[in-house]
Amino acid sequence: MFCYQCQETAKGKGCTFIGVCGKTNDVAILQDLLIYIMRGISKLSVRLREKGIESAEVDKFIVDGLFMTITNANFDKQRFVKKIKEAFDVREKLLEKLTAMGEDPLKGEKCDCLTWKSNNLQEMEEKATHVGVLRTKNEDIRSLRELIIYGVKGISAYAEHAANLGYKDNGIYAFMQEALVATENDTLSADDLVAMVLKCGSMGVRVMALLDKANTTAYGNPEMTRVNIGVRNNPAILISGHDLRDMKDLLEQTEGTGVDVYTHSEMLPANYYPAFKKYKHFVGNYGNSWWMQTSEFEAFNGPVLFTTNCIVPPKPNATYADRVYTTGSSGFEGFPHIPDRKDGKPKDFSRIIEHAKKCAPPTEIEKGEIIGGFAHEQVFALADKVVDAVKSGAIRKFFVMAGCDGRMKNRGYYTEFAERLPKDTVILTAGCAKYRYNKLPLGDIGGIPRVLDAGQCNDSYSLVVIAMKLKEIFGLNDVNELPIAYNIAWYEQKAVIVLLALLSLGVKNIHLGPTLPAFLSPNVAKILVEAFGIAGIGTVDEDMKLFLN
Ligand code: SF4
Ligand code: SF3
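Note that the coordinates shown come from a computational prediction; the quantities given were computed from them, not determined experimentally. (Residues numbered from 1 in each chain as written. Chains lettered and ligands numbered in written order. Predicted model: local features only at pLDDT ≥ 70, side-chain atom pairs only at ≥ 80, totals over all residues. Heavy atoms only, no water.)

### Focus: the overall build of the protein
Selection rule: Under the DSSP-based scheme used, a helix requires at least four consecutive residues in state H or I and a strand at least two consecutive residues in state E, with every element numbered from the N terminus. Note that the radius of gyration is over C-alpha atoms, with the globule rule given as 2.2 Å times the number of residues to the power 0.38. Residue burial is assigned from relative accessible area. The probe radius is 1.4 Å, only protein chains are included, and a residue is buried under 20% of its type maximum, exposed over 50%, and partly exposed in between. Contact criterion: two residues are considered in contact whenever any of their non-hydrogen atoms come within 4.5 Å of each other. The convention is simple: Lys and Arg are positive, Asp and Glu are negative, and His and the chain ends are not counted. All charge positions are set by atom: Lys at NZ, Arg at CZ, Asp at CG, Glu at CD.
Broken down by element type, the protein carries 18 helices and 15 strands. Relative to the globule expectation of 24 Å for 549 residues, the C-alpha radius of gyration of the protein, 23 Å, shows essentially globular dimensions. Principal-axis analysis of the C-alpha atoms places the extent of the protein at approximately 70 × 60 × 45 Å. Residues classed as buried in the protein amount to 61% of the 549 residues present. Across the protein, contacts joining residues at least 24 apart in sequence account for 75% of those joining residues at least 6 apart. Counting 66 positive and 68 negative side-chain charges, the protein places the centres of these two groups 1 Å from one another.

Below, the structure is given as C-alpha cells:
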C-alpha cells in the first residue's frame, strides 16, 4: 500500500504497511482498485454525457465510492470487494449503452480501467498493487493528480449529504467524473492539471453552497445556541459524523422512547438548528473531536452511530466495540451497518434504540455549556454590532481557524495560538479544529463571543459568505483587504476541498498546519506559495508577530 492523503501520514511521507489511521494494506489497495475502476466508469460516463445522456445511478455510485475512501470513513474490506464488483456491473452497462449507440467504447483507449475485471479476491489484490498512487512516476504530475482526487473526495462527502436531503447538481457530478478522467490522462500537462485543481476549488464552493441550502432549507438557519456539554440520567445514543438527515431520522425515532440523543465531534453543530433544538430528548454534545473517541465512547455507555468519518479502530481491550454502528458510506468490520433509506422512507434505527434501552446512562465527563451557531444568517443579524466593533477598533482582526482536529501533539499549537491572541481579536471557525480552543474562557467583545463557530467543516462556506458580506459593507475591492487572517488546520480530504474553495475565491496567504500535505511535491508547493501565498505554520511566537503586524 501507499497512502499519503491525510495530515497524519506516516513520517510525513506516506503509509506503507498499515495506515496511522488503522487502514490495513488489504483495504488500502482495494480502495485504489475501486478508484481505478471508477476512472473507467467516468471515461464512459463523460462520453455519454457529451451525447446528453446522464445516469443517476452512475452519479450516485461515484459519489459513494469516493466518499468510502476518505480517511477513516470505511475500514470494511468486504464492503470494498462488493463495491468493486458493483463497479464492474455499472461499467458494463455503460459499455453496452455506447455500443448500442453504434460507438466503439474502447476506441483510442489504452487504459484497462475500462476492461479489467475479476471477481477473484487474489486477482483483485494483485491488480490493485499496480494501480495506486505510485503508478504515476513523475512526482509533480502525481502530486497534482492526487490533489485533484482528494479535492473530489471532499466534494463527494458534501454532495452525498446534500443528495440525502434531495439536493442534487448534475454539474457537480459531471465535474467529479471529468476530474477522475483527468487523473488518468497522460496527455495533460502540469498546467492543465493546475487549471483542474482550481476548477475543483470552484466546485467545492458550489457543493458547499448546495449543502448549505439543503441543510438550512430542511432544518432552518443555525442560530446562536448554548449547547449543554453535561449529561442526564437516561440511556442514550451518541451520533457522530456530518449527515443531518440521519440526525433528523434518529431524533424522530427516539422521541418518546426514554432514550436521549447526544452529538459527538462534527455533529455538534446539529444543536444549532431550530428543527433539532425542539426535541426535548436532544440533550447536547458529549466529548470532543473524533480522535478522543477511544476514551469517550467507553464513558458514554450507550450505542454510537457513525454517519461519516472519522472512525478510530477500537483497541483490542475496548469495551464499547460491540455498541458502535455505521451508516451511509462509513463502515467497519464488526460494526453493524444500518442500510440506506429506500423510496425516500426514513432509515430504520430501531435496532440502535433497542440496544440503547439496555445500556447505562452516560458517565459525566464535563459540565457546562459551549456557544455556537454563528453561520451566515446569525452573523448577518449581528452585522451592525460587528461592523461597529470593527470601526471603533474594539475588534482589530478576525482569525479564520477552521478545519480539522487530529491526534498529533503539535496541534497544541492551536490551543496556545487561540489563548495568546490579543483580546481585541475574534476567531471564526468551522469543522472539528475548534475543539482545540472552544472550551477556553476567551470571553466576548461587547457581547460578540471571541469564538464564532459557524458549524461543520462544510460550513466554512458560511465563513466565506460572511467575508464577502463584510467586503461589501466596507466597500472593499478585494476580500484580501479585510482584517482577516487564515490559520487553518487540516487532517483529511474535506479540508483539502475547503482549502481549494478558498483559493478559488481569491483568498491569499492562508497558513496551513500543523504540517503541509505530504502529497505536495516541492514544485507543486512552490506554485501554491507563489500564486497564493500559502504557508505552513511556525512557532506561536513567530506566527503571532507575523499575523498581527
Ligand atoms: Fe495513512 Fe492517512 Fe492514508 Fe490512513 S488515510 S493510510 S493515516 S495517509
Ligand atoms: Fe473533522 Fe473528521 Fe475533518 Fe469535518 S470530523 S472536519 S477531521
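### Notes on empty space enclosed by the protein
As a reminder of what qualifies: We place a 1 Å grid over just the protein atoms. Points where a 1.4 Å probe fits but has no way out form a cavity, open points with protein on both sides within 12 Å along at least 5 of 7 lines form a pocket, and any residue with an atom within 4 Å of a point lines it. Grid points are joined across faces, edges and corners, and a volume is the space filled by probe spheres set on the points. Gly counts as polar in this scheme, as do all residues outside two lists: the nonpolar Ala, Val, Leu, Ile, Met, Phe, Trp, Tyr, Cys and Pro, and the charged Asp, Glu, Lys and Arg.
The final tally for this structure, using the stated rule, is ten cavities of 30 Å³ or more. Its volume calculated, the largest cavity comes out at about 170 Å³. Every residue lining the largest cavity is counted, 18 residues in all, and those nearest its centre are Asp 32, Ile 35, Val 133, Glu 146 and Lys 153. Counting residues per element, the ones that place at least two in the lining of the largest cavity are helix H1 (25-50) and helix H5 (139-164). Here the lining of the largest cavity is built from residues that sort into nine nonpolar, three polar and six charged.

### Regarding the layout of surface pockets
Space inside the largest pocket adds up to approximately 940 Å³. As for the largest pocket, its lining consists of 34 residues, and the residues nearest its centre are Lys 60, Asp 64, Glu 160, Asn 164 and Asp 340. Ranked by residue count, the leading element in the lining of the largest pocket is helix H2 (residues 56-68), at eight residues. Here the residues of the lining of the largest pocket are counted per class, giving eight nonpolar, nine polar and 17 charged.

### Brief notes about the pattern of salt bridges
Cut-off, in case you're wondering: Salt-bridge detection follows one rule: a side-chain nitrogen of Lys or Arg within 4 Å of a carboxyl oxygen of Asp or Glu.
Applying the stated rule across the entire model yields 33 salt bridges. Of the charged contacts in the structure, one is a salt bridge between Glu 252 and Lys 248, with a shortest N-O distance of 3.1 Å. Within this pair, Glu 252 and its partner Lys 248 are both found in helix H8 (residues 244-254), separated by four residues, close to a single helical turn. Of the charged contacts in the structure, one is a salt bridge between Arg 396 and Asp 424, with a shortest N-O distance of 3.2 Å. With Arg 396 in the loop between helix H13 (383-392) and strand S9 (397-400) and Asp 424 in the loop between helix H14 (412-420) and strand S10 (425-429), the pair connects residues that are 28 residues apart, well separated along the chain. Relative accessible area serves as the criterion here: at 40%, Arg 396 is assigned to the partly exposed category. Classification of Asp 424 as partly exposed rests on a relative accessible area of 22%. By sharing partners, the salt bridges in this structure join Arg 245, Asp 246, Asp 249, Arg 341 and Lys 347 into a single network.

### Comments concerning the packing of helix H3 (residues 77-100) against helix H4 (residues 121-128)
Here is the rule we go by: With axes taken as lines fitted to C-alpha atoms, and helix axes fitted only over the stretch in contact, angles between N-to-C directions fall between 0 and 180 degrees. By definition in this entry, angles of less than 35 degrees are roughly parallel, angles greater than 145 are roughly antiparallel, angles of 65 to 115 are roughly perpendicular, and the rest are oblique.
At a closest axis distance of 12 Å, the pairing of H3 and H4 adopts a crossing angle of 85 degrees. Between H3 and H4, the interaxial angle falls into the category roughly perpendicular. Note on element contacts: H4 touches H3 through Leu 121, Met 124 and Glu 125, opposite Lys 77, Val 81, Ile 84, Lys 85 and Phe 88. Here the contact of H3 with H4 is composed, by residue class, of five nonpolar, no polar and three charged.

### Quick notes on the sheet that holds S9
Note the threshold: Each pair of strands is called paired provided DSSP finds at least two bridges between the two strands.
Within the open sheet, the five strands sit side by side as S13-S10-S9-S14-S15. Their pairing is parallel. In this open sheet, the two strands that pair with only one neighbour each are strand S13 (451-453) and strand S15 (511-513). In this sheet, adjacent strand axes meet at a mean angle of 20 degrees when their direction is disregarded.

### Regarding the site of ligand 2
What counts is decided by this rule: The cutoff for a nearby residue is simple: one of its non-hydrogen atoms must lie within 4 Å of the molecule or strand.
Taken together, His 242, Glu 266, Trp 290, Asn 309, Cys 310, Gly 403, Cys 404, Cys 432, Cys 457, Tyr 491 and Glu 492 make up the full set of residues near ligand 2. Of the residues contributing to the shell around ligand 2, the split by class is six nonpolar, three polar and two charged.

### Concerning the pairing of S10
Burial of S10 is extensive: five of the five residues sit out of reach of the surface. Side chains Thr 425, Ile 427 and Thr 429 project from S10 onto one buried face, and the interleaved Val 426 and Leu 428 project onto a second face that is buried too. When S9 meets S10, the two strands line up parallel, connected through four bridges. Paired with Lys 397 across the strands is Thr 425, a residue of S10.

### Looking at helix H16 (residues 493-504)
Using the following cut-off: By this rule, a helix spans an expected 1.5 Å times one less than how many residues it contains.
Counted at 1.5 Å a residue, the expected span for H16 with its twelve residues is 16 Å, and the 17 Å between its end C-alpha atoms agrees. Looking at H16, one finds that the buried residues are Gln 493, Lys 494, Ala 495, Val 496, Ile 497, Val 498, Leu 499, Leu 500, Ala 501, Leu 502 and Leu 503. A positive backbone phi angle near 90 degrees is found at Gly 506, which sits one or two residues after H16.

### Points about the side chain of Glu 492
With respect to the helices and strands, the residue Glu 492 is situated in the loop between strand S14 (484-489) and H16. Look at Glu 492: it is buried, it has no salt bridge, and the nearest opposite charge is Lys 494 at 4.4 Å. Among all residues touching Glu 492, those that are not within four sequence positions of it are Ile 70, Thr 71, Asn 309, Cys 310 and Cys 404.

### Some points on the nonpolar core
Counted only if it meets this: For our purposes a nonpolar core is just a set of buried Ala, Val, Leu, Ile, Met, Phe, Trp, Tyr and Cys residues, chained together by side-chain atoms within 4.5 Å.
With 177 residues, the main nonpolar core has Ile 155, Tyr 158, Met 247, Phe 276, Phe 398 and Tyr 486 as its most contacted residues. Counting residues per element, this core draws most heavily on H1, at 13 residues. In this structure, Tyr 486 is in contact with Val 400, Ala 467, Leu 502, Val 507, Asn 509, Ile 510, His 511 and Phe 547, ignoring residues within four places of it in sequence. If you look at the next biggest cluster of nonpolar residues, it comprises 17 residues, including Met 401, Ile 427, Tyr 437 and Val 451.

### Some words on the environment of Glu 252
Residue classification places Glu 252 among the partly exposed residues on the basis of a relative accessible area of 39%. Residues Glu 252 and Phe 349, spaced 97 residues apart in sequence, show a C-alpha to C-alpha distance of 10.0 Å.

Everything listed is a geometric property; what it means functionally is a separate question.
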